[in-house]
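# Results of the structural survey
One-letter residues, chain by chain:
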Amino acid sequence: MDIRRAGNRIKELVGQIEYHNRKYYVEDNPVISDYEFDILLKELAGLEARFPELATPDSPTRRVGGAPIKEFRPVRHVSPMLSLDNTYNKGDLSEFDGRIRRLVPDARFDYFVELKIDGIAASLTYEGGKLTVAATRGDGLTGDDITHNARTIRSIPLSIRNIPESLSHTRFHVRGEIFLPLKSFEKINDERLSGGLEPFANPRNAAGGSLKQLDPGITAKRGLDFFAYQLVPEDAGRPASASMFESQSKSMEALEEMGFKVNKLHKTCPDIGCVVDFCNDWEDKRAELPYEIDGMVIKVDDLRLQVRLGSTGKSPRWAISYKFPAKQATTRLNDIIASVGRTGAVTPVASLEPVRIGGVTVSRAALYNADELERLDINVGDIVLVERGGEVIPKVVKVVEKKTPGVFKLPDNCPSCGGGLVREEGEAATRCINTSCPVQFQKNVEHYASRGAMNIEGLGPKVIDLLIGAGLIGDFADLYKLKTDDLVPLERMGKKSADNLVDNIEQSKGRPLSRLYYGLGIRHVGGRSAEILAARFNSLDDLLKAEVSELEAINEIGPVMARAIHDFFREGHNINVINKLKAAGITNSEERKAPEAHRNFAGKTFVFTGAISLPRADAEDMVKSRGGKVSSSVSRKTDYVVAGADPGSKYSNAKKLGVEIISEDEFRNMLS
Ligand code: IVH
């Protein structure tokens, strides 16, 4: 393909990809499958690799993260990003209304009421319809440049479709909130906990932490989202007068038209009574939302009136936020229960005197691990402050009244099997290491059968408990031996449901390989890591034999996970289960296998050294998607060393060992 045709195709692909991005991330209405989307993205990445001069900084391939930055540059906002006056008292809303009516007695106006999203305020700058800069609010006048991270947020348009004529020749800024949906928040905290890291206290902190990353590759995996709530057009380097859009409601419509995600749960109110009712509604219903809100924002809708009202030093006179009461309460800690999880981790859980928090009765709270007990200096009988944050399970914030001296000690033995507990170096969790511990076994089977893994319908905790109790299964491979006649005698199991269950178990044999890798329950291996493993190891036998160094060489697989995978397949009990699975005829195959024609690097190992123009991760992905391997060190087994500018010791090692050294250009030629 010549450069002109490549340029045209790139344009076409960028258009299509951004269209599907918007469908998926902004409109929540995808029209193609993830697989088809990935094919478009891969084609674009391939063309950009061959014609790097055609790759633009706003290419959708950047959504997975470009090169890390060294530091956050300061960005001065064109007009201050003000904060809002806030109140916890609904009576203050009438005062706010009275104040405005006194200031502009002649005006008739509506209020525009929005949800107050609990995230991090950001300002996005567009020039010629393209995203050029993204910055945090900072102190209101100057924020941090987070463009590299903002580009990874899929609901932030990199270039604007349907740009209104009035904005097409001017620079403008879109302000809004970057936030972390609760689902992403839970996932991040699960991963942090299983990796022995402190969980984030709430989605807002997790969003802030994600934006503070210098490496956008990390941010890209966090699942951040963005709601736009303000449009600030510029006029010769200064904020334009308010005449461009007449009201907040009209600018929200314009933002939506341009492809931004705006929160639809707003209301236009003719008077403050209507505002208070709407605030009450959401105070009750906030728990139903898939993201956290901490209150409501009430704005005068008319933008010209906003200008007339102006602002005091730090906040506008035309807006106020009504904050919901904190989701905390004090209660007595009745007991601390040690519970065993699937990986054998023994977790302390607080059993509380039931208390109402934000409309929900709470009687349990997370205490995470022994370090957390120490930190809280907590014991049974103490009066504690409990908070319902974004997490599924509330947590204990602090002891407010110490009633029992000393810190609660977790048991030395597993509460399920009585086996000894071990705390490994550098780990926060205490674990039961008995591979036949009954609770762990039960949870392992539950995990194997779960939706994200082998998805065996009808095989829930109750049935698994019955199967174990009746001695029908000793590990999850035994599921494949079950016959209808074995199941019928079980409690509440008729012939028909027994038949269905046997059928469903049989069907699970054909699930994609990534599901099986996940279902095995290898420590630290979540759904995404399992997909990465399946893309690299096309059969269970290959994964079984993988050495730690081979696993570590895979992008996104760290040393801890690599070691865990390696050790898992060297453990006698696990080897036995795997042999049984194979004998049962597990035929899992990977649905996302790269097409054969592109697997021209199969069996070849590459090592990169020195600076190349492609992001290293992208180059590595290109090798892997063609069936090759990437290693971090040169050995006799290395097939090619790709040497960029200023190569390091790998270059001299390659020379010594007689390994073929190729330039970046030669590497690109091999790609095509
Ligand atoms: S309007 C001058 N609208 O709340 C108007 N803010 O203290 C500026 N926020 O820093 C803000 N949701 O981070 C506005 N729908 C919304 C909001 C919202 C959340 C945050 C924003 C701001 C803080 C106000």
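Note that the structure is predicted; figures quoted are calculated from it, not measured. (Residues numbered from 1 in each chain as written. Predicted model: local features only at pLDDT ≥ 70, side-chain atom pairs only at ≥ 80, totals over all residues. Heavy atoms only, no water.)

Attention now goes to the overall build of the protein. Scanning the protein from terminus to terminus reveals 24 helices and 23 strands. For 672 residues, the compact-globule formula gives about 26 Å, and the C-alpha radius of gyration of the protein, at 29 Å, lands near that figure. Counting every position in the protein, which comprises 672 residues, the buried fraction comes to 49%. Computed over 93 positive and 95 negative side-chain charges, the inter-centroid distance for the protein is 1 Å. (Helix = DSSP H or I, 4+ residues; strand = E, 2+ residues; numbered from the N terminus. Rg over C-alpha atoms; globule rule 2.2 N^0.38 Å. Buried < 20%, exposed > 50% of the residue type's maximum accessible area, 1.4 Å probe, protein only. Lys, Arg positive; Asp, Glu negative; His and termini not counted. Charge placed at Lys NZ, Arg CZ, Asp CG, Glu CD.)

With 96% of its residues at a pLDDT of 70 or more, the protein has an overall mean of 88. Predicted confidence in the protein is weakest over strand β9 (residues 238–239), with a mean pLDDT of 72, and strongest over strand β3 (residues 111–117), with 97. (pLDDT = per-residue confidence, 0-100.)

As a structural note, the neighbourhood of the ligand is formed by 15 residues, with Glu114, Ile117, Glu177, Tyr229 and Lys299 the closest of them. Note that an oxygen atom of the ligand is positioned 3.2 Å from one of the side-chain N or O atoms of Lys116. About the coverage of the ligand: the protein hides 89% of its 520 Å² of free accessible area. Elements that contribute at least two residues to the shell around the ligand include exactly β3 and β11 (293–300). The leading source of residues in the shell around the ligand is β3, at four residues. Here the shell around the ligand is composed, by residue class, of nine nonpolar, one polar and five charged. (Near = heavy atom within 4 Å. Polar contact = N/O pair within 3.5 Å; in protein donor to acceptor, adjacent residues only side chain to side chain. Areas by Shrake-Rupley, 256 points an atom, 1.4 Å probe, with all protein chains shown as cover. Nonpolar A, V, L, I, M, F, W, Y, C, P; charged D, E, K, R; others polar.)

In this structure the tally under the stated criterion is one disulfide. The disulfide bridge from Cys269 ends at Cys274, spanning 2.1 Å between sulfur atoms. Taking the sign of the S-S torsion, -65 degrees for the link of Cys269 and Cys274, the bridge is left-handed. Its relative accessible area of 16% is what places Cys274 among the buried residues. No disulfide involves Cys437; its sulfur sits 3.8 Å from that of Cys414, the nearest cysteine. Classification of Cys437 by relative accessible area gives buried; the value is 0%. (Disulfide = S-S within 2.5 Å.)

Moving on: the nonpolar core. Counting residues in each nonpolar core, the largest one holds 49 residues, and the members touching the most others are Tyr448, Leu479, Leu533, Ile565 and Leu581. Apart from the residues lying within four places of it in its own chain, the contact partners of Leu479 are Val445, Tyr448, Ile456, Leu459, Leu467, Ile473 and Ile505. (Core = buried A, V, L, I, M, F, W, Y, C linked by side-chain atoms within 4.5 Å. Contact = heavy atoms within 4.5 Å.)

Before going further, it helps to examine unusual backbone geometry. One can expect most non-glycine residues to show negative phi and most peptide bonds to be in trans. One non-glycine residue, Tyr368, adopts positive backbone phi at about 65 degrees. Looking at the element boundaries, Tyr368 is found in the loop between β15 (360–366) and α11 (370–376). In this structure, His524 is a non-glycine residue whose phi angle is positive, near 75 degrees. Structurally, His524 can be placed in the loop between α16 (513–519) and α17 (527–536).

In this section: the packing of aromatic side chains. In this description, an aromatic ring pair is defined by two values, namely the gap between the centres and the angle between the planes. Tallied over the full model, the rule gives 15 aromatic pairs. Plain terms: the ring middles of Tyr126 and Phe172 are 5.5 Å apart, the flat faces sit at 15 degrees to each other, and that makes the pair stacked. Pair noted here: Tyr126 is in strand β4 (residues 120–127) and Phe172 is in strand β7 (residues 172–179), with a separation of 46 residues, a long-range link. The burial state of Tyr126 is the same as that of Phe172; both residues are buried. Taken together, a centroid distance of 5.4 Å and an interplanar angle of 75 degrees make the contact between Phe227 and Tyr291 edge-to-face. Of this pair, Phe227 sits in strand β8 (residues 225–235) while Tyr291 is found in the loop between α9 (272–285) and β11, placing the two residues 64 residues apart along the sequence. Taken as a pair, Phe227 and Tyr291 share a single burial class, namely buried. Taken together, the ring pairs connect Phe601, Phe606, Phe608, Tyr640 and Phe667 into an aromatic cluster. Sitting above the plane of the Trp282 ring, Lys285 keeps its charged end 4.4 Å from the centroid. In this structure, Arg536 is placed above the aromatic ring of Phe537, and the distance from its NZ or CZ to the ring centre is 4.5 Å. (Phe/Tyr/Trp six-rings, centres within 6.5 Å; stacked < 30°, edge-to-face > 60°. Lys NZ or Arg CZ within 6 Å of the ring centre and 35° of its normal.)

At 3.6 residues per turn, the α-helix brings residues three or four places apart onto the same side. Between its first and last C-alpha, helix α1 (residues 3–26) extends 33 Å over 24 residues, near the 34 Å set by a 1.5 Å rise per residue. When α1 is considered as a whole, its buried residues turn out to be Ala6, Gly7, Ile10, Leu13, Ile17, Glu18, His20, Asn21, Arg22, Lys23 and Val26. Looking at the buried positions of α1, the neighbouring elements they touch are α2 (34–50). Two residues or fewer after α1 comes Asp28, characterised by a positive phi angle close to 60 degrees. (Expected span 1.5 Å × (residues − 1).)

With that out of the way, let us pick up a negative patch on the surface. A contiguous patch of negative charge on the surface is contributed by Asp271, Asp277, Asp281 and Asp284. Position of Asp277 relative to the elements: it lies in helix α9. (Patch = residues over 30% accessible without salt bridge, like charges linked within 9 Å, V, L, I, M, F, W, Y side chains within 5 Å. Salt bridge = Lys/Arg side-chain N within 4 Å of Asp/Glu carboxyl O.)

Strands pair in a sheet through their backbones, by hydrogen bonds, and they do so in one of two ways: parallel or antiparallel. Within the open sheet, the five strands sit side by side as β5-β4-β7-β8-β9. Their pairing is antiparallel. Unpaired on one side and paired on the other, β5 (130–136) and β9 mark the two borders of the sheet. Inspection of the sheet shows β8 paired to β9 by two bridges, in the antiparallel sense. Within β9, the residue paired with Asp235 across the bridge is Arg238. Along the sheet face, helix α6 (residues 203–211) touches β4 and β7 and points at about 40 degrees away from the line of β4. Its contacts with the sheet place helix α8 (residues 248–257) against β7 and β8, and it is angled at close to 110 degrees to β8. (Pairing = 2+ DSSP bridges. Axes fitted to C-alpha atoms, helices over the stretch in contact; angles between N-to-C directions.)

Turning our eyes to something else, we now look at empty space enclosed by the protein. In this structure the tally under the stated criterion is one cavity of 30 Å³ or more. Size it by volume and the largest cavity reaches roughly 80 Å³. Forming the boundary of the largest cavity are Glu18, Asn21, Arg22, Val26, Arg63, Arg154, Pro157, Ser159, Arg161, Met258 and Gly259. Of the residues belonging to the lining of the largest cavity, the class tally is three nonpolar, three polar and five charged. (1 Å grid on protein atoms, 1.4 Å probe; cavity = no way out; pocket = protein on both sides within 12 Å on 5 of 7 lines; lining within 4 Å. Points joined across faces, edges and corners; volume = space filled by probe spheres on them.)

Across its 13 residues, helix α3 (residues 91–103) extends 19 Å between first and last C-alpha, which sits within 8% of the 18 Å expected from 1.5 Å per residue. Taken together, the buried positions of α3 are occupied by Leu93, Phe96, Asp97 and Ile100. Each buried residue of α3 sits inside an arc of 100 degrees when the element is viewed along its axis, so together they form one side. In α3, the exposed positions angled more than 90 degrees off the buried face are occupied by Glu95 and Arg102. Where the residues of α3 are buried, they touch β2 (86–87), β3, α9, β11, α10 (303–309) and β12 (319–323). (Arc of directions from axis to C-beta.)

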